[in-house]
Structures are given as structure tokens and as C-alpha cells.
Amino acid sequence: MTQLDTPSVVSAPDQAEHRTTLTQRRQDRFARVEPKGKRVFTARERAEMLVDEGSFVEMTPLRTAGGGAGSGVVAGWGTTDGHAVVVVSHDAAVASGAIGAVMADAIMKAQRFAIDKGYPIVYINDSGGARIHDGIFALHGCGGIFANNIEAQKRIPQISLILGPCAGAAAYSPALTDWTIMVKEQGQMFLTGPEIVKAATGEDASAEDIGGSALHTKVSGVAHLEVDSEEEAFHATRLLLSFLPTHKGAPQKRHSPVPANPGAVERLPGLVPEKSSVVFDMNALLDGVLDNGARLELMPTHAPSILTLFGRLDGHAVGILANQPNARGGILDAKASVKAARFVEFCGRFDLPVLTFVDVPGFLPGTVEEGRGVITHGAKLLKAYVETTSPKLTVVVRKAYGGAYIAMGAASLGADVNWAWSGSEIAVMGPGGAVALLHRRALKEAEEPAKLRDELAAVYREEVARPYIAAEAGIVDDVILPEETRDRMAAALRMLTHESSI
């Protein structure tokens, strides 16, 4: 054997030195840096809190952006309730979480892994924006992250948590994800901060004024859920993931069926007031139909006349879109249409059944709404229903008038099964408005116009608006009683998802 063929032998002291070196490097890199400001947890602690205990595995943990610090992000994978998820957590201890070239590359690596393997990805955002010292390389990296966000939309669910500032270029990534959760008085999202706003416009506003959770969850609709703490944000994220498949085309997460709330079922027959102008809480109706278990409403304070939430029916995860009579009578406007269309599109993208509960007086009229583009935004809701190929079940529980009837998942937009409650009304417009147009002359000449209007409205309601006309024409599949709703929907869902034993 030549000298070159002689295998090298590492002495015991050398082995010990290597182990010591690695241990020291790990200690240096994983040393806890006390969070600043309102932060309580580090980037790594946040990632570990989100996933099942002991399941987090960090990708490239020793990577550095120079100077002995980390890459500015903790990225890796773990599980939530046993299902795999990829996590990207900004490290505010490294350059305030600013996105530099190395950090962007680490994020893109995690994104690529999630997209290729088909795992949801959760972004824990806490960043001051692009790293100024990295110049064009930071901007190029940010653009790469955005491109991956867009590609991921076609394949996997993406959730963003805003646990600190999310400024400048960093704010675009959450806007390209599916759902954004913000911590109250801790997370902010904005393109330009208070100093630049003051210099450019003279406006004196705080970071909370410009991009706080109240602004984005109530007014702008940029974010979809406001919570009080980081722990709440992690809980909401885990709950949201429990309703979603890991990727497009993956099996839906099925739970054991749970009966609806018994008290709500008992109240269901008399829940909806006969008079269409009297309000009620649609959530009480949903309590009597859906499985009695966890639900998650998204965008509860933005455009509240429409409800968008996830729940379960007969063990199936479902998306629920419903008018909320308690808020502006359940009317549709530009913001409500955008909110509803976004939700239906998301459900369709990931094959989640869409259950629609209708009690809508129409679209909000007036110059303000027309100026907001209600026609365009209403059309987006029509488009979302037509393009959604997952099971679509619709029930009219009280009134459905005009174009809003169509927009709320009508048969003409491809709903698989449509029902109407026996006391409901479906018409081009409400009886009052219809009579005022159809009998204008008679009402003008009548001695008691109010009495005549009420009489004519009653005739119109019974002869034109009742759902039996739609059922006899085959436009509505059946007229049902309120207490029959759950069983009808559950049976249809089993057939449409090929889970019936018949």
C-alpha cells in the first residue's frame, strides 16, 4: 500500500476538538438575544411555538450574513397537529429584520422547498424592510421572494403573521399571501413610515395610524384577523391550518362528524323573522346547521354585512359565505363584494366546499358605491363562483333580490344544489319597490295609497316572490324547512365528495 492509499486516522483529541468547535458555534449562533420593544419571544422561539412541540427543524442554521450574526431569518419545517408546515420567521435581532441578499436567499430556499414538496408556509413577519446597505442586491432578493409568493398561490396555502413592523418592500409579501393575522398594538404594515410621510406630505401620523391592525383589519382589508397577543396569533394560525389541505389536490382534512348545537337546532324554525326588515344574527343560524365545534371567522370587522368563515359540516372542512342581517341588513357593497370574492376564490383554489346562506336585500345604491366601482367588484364575486369547481351548496333563508341574488351563489353561477326556505322570497326587487314601479298610476290615484301598496305588495309576495315558482321551474332544487337544512346539505356534500355509502 502506498502512502497515498493509507487511510487517514483522526486522533481522539482531534475528534474532541471538532466536537468542541461545533458546540461552540451552535452556542454562539443560538444564543438568546433579549427581544426589544414589545416583543416577548425570539424568532426561533416563535417558530417553535407555532409548531408541535419538538418538531421544528431549522434549515441552514449556521448560515450568516457576515459579522458573526445569523442570516436574519429562522427558516425550517415542523408539524401542526401532525401535518407538515414550513415556517419563515424574521429575526429582528439581526439588522432589525431588514431583508438583505443572504436573508432573501434563505427565505427563497424555504419557499422553494414548500412549493416543491406541497407544504403550507407560514411567514412570521418582523422586518424594517429592505436592507439599505445591500442596495440592489436586497431589492433583487425581495423581488425573488414576491415571485415565489405568486407561484406558491397556485400550489400551497400561505399565511402571514405580523408580529412587529412590516415596512416598505417587506409589506408586499404578506399582501401576496392568502391570509394575514396582526397582533394589536404590536404589528404594523406600511410602505412608508411616519418620518417619510411627514417629509413628503406634512401629515403627522404614528406607525399605528399608518399601518396598525385596526386600520388594516377594519378599513383597508389588507389584513384579515386582529389578535391581542403572539400566542393568540399562533393559535389562530394552527386553527386555520386545521381546515386546509396541505396543498392543492391533497386530501381534505376530515374529522368525525359532530351534531349541531342542540339548543340552536331547537331555535332554528323560529329564528328568522317573517318581516324582511327585522334583523337577526346569522351566526345563530349557522350554529343550528354546522358541526358544533371550532370555527374561524376571517375579516370579522371589515365589511361586516358579509360573513366569511371556516367550519365543519358532517366532519368536512367547509368555507361558509353568508349575509349578516345584523350589519346593514346583509347588503352587498364594493368592500363586501371584494371580501366575498376573495374568500370564494380561495376555497375553490384548494377544493374546499362553499356553503352559501343568503338573506340579501340587494347591492347598496348611490353615487358613493358607484364611485367605488361596485359594478366591477360585484362582477368579481360572480367570476369567483363560476370559476370555483369545489362543491357549492346554496340556501336562501329569507330574501334574495336582484343581482345580489345571483351574486350569492345562484344556480346560474354553477351551484351544485340550491334550496330555499319555505318563507323566503326570490325576486328582481322587494315587493315594496316592485309595486311602486308596477302600479305607479294606481297608487297615485288611490284614496288610501299606503293601504293599497300593502295589499299589492302582499299579492306580489305570494304570486311572484315565493320560492315555489323557482322550484317549479327547476331553478331552485327544493323548498325546505329550516330544520331540514343540515341533513340536506350533509347528504349533498357526501355525494359531491364521493363519500356516500349509497
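Residues numbered from 1 in each chain as written. Predicted model: local features only at pLDDT ≥ 70, side-chain atom pairs only at ≥ 80, totals over all residues. Heavy atoms only, no water.

Draft legend 1. Structural view of the overall build of the protein chain. Counting secondary structure elements, the protein chain contains 20 helices and 18 strands. The buried share of the protein chain, reckoned over its 502 residues, is 49%. Sequence-distant contacts in the protein chain: of pairs separated by 6 or more residues, those separated by 24 or more amount to 71%. Approximately 23200 Å² of the protein chain is accessible, and the part contributed by carbon and sulfur atoms is 56%. Side-chain charges in the protein chain split into 49 positive and 59 negative, and the spacing between the mean points of these groups amounts to 3 Å. (Helix = DSSP H or I, 4+ residues; strand = E, 2+ residues; numbered from the N terminus. Buried < 20%, exposed > 50% of the residue type's maximum accessible area, 1.4 Å probe, protein only. Contact = heavy atoms within 4.5 Å. Areas by Shrake-Rupley, 256 points an atom, 1.4 Å probe, with all protein chains shown as cover. Lys, Arg positive; Asp, Glu negative; His and termini not counted. Charge placed at Lys NZ, Arg CZ, Asp CG, Glu CD.)

Draft legend 2. Fine view of helix H3 (residues 101–117). Taking 1.5 Å as the rise per residue, H3 with 17 residues should run 24 Å; its terminal C-alpha atoms sit 24 Å apart, in good agreement. Turning to H3, its buried residues are Met103, Ala104, Ala106, Ile107, Ala110, Gln111, Ala114 and Ile115. Close packing links the buried residues of H3 with strand E4 (73–80), strand E5 (83–90), strand E6 (121–127) and helix H4 (135–153). Phi turns positive one or two residues past the end of H3, at Gly118, with a value near 80°. (Expected span 1.5 Å × (residues − 1).)

Draft legend 3. A look at the packing of aromatic side chains. This model, assessed by the stated rule, comprises 10 aromatic pairs. Between Trp179 and Phe310, the aromatic rings sit 6.4 Å apart at their centres with planes inclined by 85°, giving edge-to-face as the arrangement. One end of the pair, Trp179, is in strand E8 (residues 179–183); the other, Phe310, is in strand E12 (residues 306–313), and 131 residues separate them in sequence. Here Trp179 falls in the buried class, since its relative accessible area comes to 2%. The exposure class assigned to Phe310 is buried, which follows from its relative accessible area of 0%. (Phe/Tyr/Trp six-rings, centres within 6.5 Å; stacked < 30°, edge-to-face > 60°.)

Draft legend 4. Summary view of the pattern of salt bridges. Under the criterion given, the structure shown has 23 salt bridges. Here Arg328 makes a salt bridge to Asp333, at a shortest N to O gap of 2.7 Å. For Arg328, a relative accessible area of 52% corresponds to the exposed category. Notably, a salt bridge pairs Arg466 with Glu425, separated by 3.9 Å at the nearest N-O pair. Taken together, the residues span a long stretch of sequence, with Arg466 in the loop between helix H18 (449–465) and helix H19 (468–472) and Glu425 in strand E17 (residues 425–427) at a distance of 41 residues. Judged by relative accessible area, Arg466 falls into the buried class, the value being 10%. On the basis of relative accessibility, which here comes to 7%, the residue Glu425 falls in the buried class. One salt-bridge network, held together by shared partners, links Arg39, Arg46, Asp126 and Glu230. (Salt bridge = Lys/Arg side-chain N within 4 Å of Asp/Glu carboxyl O.)

Draft legend 5. Fine view of the nonpolar core. Phe310 and Leu332 are the most contacted members of the largest nonpolar core, which totals 61 residues. When residues no more than four places from it in sequence are discounted, the contact partners of Leu332 are Ile306, Asn323, Ser337, Val360, Gly362, Phe363, Leu364, Leu381, Ala404, Ala407 and Met408. Core analysis: the next-biggest nonpolar cluster, separate from the first, contains 27 residues, Ile99, Ile107, Ile115 and Ala223 among them. (Core = buried A, V, L, I, M, F, W, Y, C linked by side-chain atoms within 4.5 Å.)

Draft legend 6. Spotlight on the pairing of E12. The buried count for E12 comes to 8 of 8 residues, which makes it a mostly enclosed element. By the alternation rule, side chains of E12 split into Ile306, Thr308, Phe310 and Arg312 and Leu307, Leu309, Gly311 and Leu313, which are all buried. In the sheet, strand E11 (residues 296–298) pairs with E12 via 3 bridges, with the strands oriented antiparallel. What sits directly across from Leu298, in E12, is Thr308. Where E12 lies against strand E13 (residues 316–323), 8 bridges are found, and the strand directions are antiparallel. When the bridges of E13 are listed, Arg312 appears paired with Ala317. Here E12 folds back onto E13, and the loop between the two strands holds 2 residues, one of which, Asp314, carries a positive phi near 55°. (Pairing = 2+ DSSP bridges.)

Draft legend 7. Inspection of the pairing of strand E14 (residues 354–360) at higher detail. Among the 7 residues that make up E14, 7 are buried, leaving the element largely enclosed by the rest of the structure. Alternating positions in E14 separate into two faces, Val354, Thr356, Val358 and Val360 on one and Leu355, Phe357 and Asp359 on the other, with burial throughout. With 4 bridges connecting them, E13 and E14 associate as parallel partners. Across the sheet, Ile320 pairs through a bridge with Leu355, a residue of E14.

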